[in-house]
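Here is what each chain is made of, one letter per residue.
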Amino acid sequence: VQLQASGGGLVQAGGSLRLSCAASGRTFSGYVMGWFRQAPGKEREFVAAIPWSRSNTYYADSVKGRFTISRDNAKNTVYLQMNSLKPEDTAVYYCAAATSIITSSIRSSNSYRDWGQGTQVTVSS
């Protein structure tokens, strides 16, 4: 599946952004979708994930309570609503897709096969 992320930009601390990731090329059905981010000089880290069924959502501790992941399966799109943004949220954000993941591996980037190109989020203090 091909993924196209969008919605990044420059925002002041305390502000909000909504990222979108549109999937194409194959059926969206059954895919687990995740968001990861990578700041300069740092490793890529897990942000959030949501299975096809939307039965659960998973978050990194650093974003829990501020970010919300959701998906619209009819539109083949996954979203990341980011509120109360902090300068440390500055990074390139990537969406990723996987056909099947065991719950214990949902936070590992190695579990995801398909990746979008990334969208820059910059939070100024």
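Structural data are supplied above this passage.
What you are looking at is a predicted structure, and each value in this text was computed from that prediction instead of being measured.

Peer 1: For this particular structure, what's the right way to read the side chain of D114?
Peer 2: With respect to the element layout, D114 can be found in strand β10 (residues 114-115). Looking at D114, its side chain comes within polar contact range of the main-chain nitrogen of V1, at 3.3 Å. A polar side-chain atom of D114 sits 3.2 Å from a polar atom in the side chain of R113. Leaving out residues up to four positions away in the same chain, D114 has contacts with V1, L3, Y31, C95, A96 and A97.

Peer 1: Looking at this structure, how should I read the sheet that holds strand β1 (residues 2-6)?
Peer 2: As a general point, the strands of a sheet are linked pairwise by backbone hydrogen bonds and lie either parallel or antiparallel. On the basis of which strands lie adjacent, the open sheet formed by four strands has the order β1-β3-β8-β7 and antiparallel pairing. Of all the strands in the sheet, just β1 and β7 (67-72) have a single pairing partner and so form its edges. Going across the sheet, the axis of each strand differs from the next one's by a mean of 15 degrees, ignoring polarity. Pairing analysis gives five bridges linking β1 to strand β3 (residues 17-24), with the strands arranged antiparallel. Bridging across to β3, S6 finds its partner in S20.

Peer 1: Looking at this structure, I do not really get the state of the cysteines. What am I missing?
Peer 2: Covalently bonding the sulfur atom of one cysteine to the sulfur atom of another cysteine gives a disulfide. With the rule as written, the count across this model stands at one disulfide. Each sulfur in the disulfide pair C21 and C95 lies 2.1 Å from the other. Taking the sign of the torsion about the S-S bond as the criterion, the disulfide between C21 and C95, at about 65 degrees, is right-handed. Taken as a pair, C21 in strand β3 and C95 in strand β9 (residues 91-98) lie far apart in primary sequence, 74 residues in all.

Reading guide: rules and limits
- Residues numbered from 1 in each chain as written.
- Predicted model: local features only at pLDDT ≥ 70, side-chain atom pairs only at ≥ 80, totals over all residues.
- Heavy atoms only, no water.
- Helix = DSSP H or I, 4+ residues; strand = E, 2+ residues; numbered from the N terminus.
- Polar contact = N/O pair within 3.5 Å; in protein donor to acceptor, adjacent residues only side chain to side chain.
- Contact = heavy atoms within 4.5 Å.
- Pairing = 2+ DSSP bridges.
- Axes fitted to C-alpha atoms, helices over the stretch in contact; angles between N-to-C directions.
- Disulfide = S-S within 2.5 Å.

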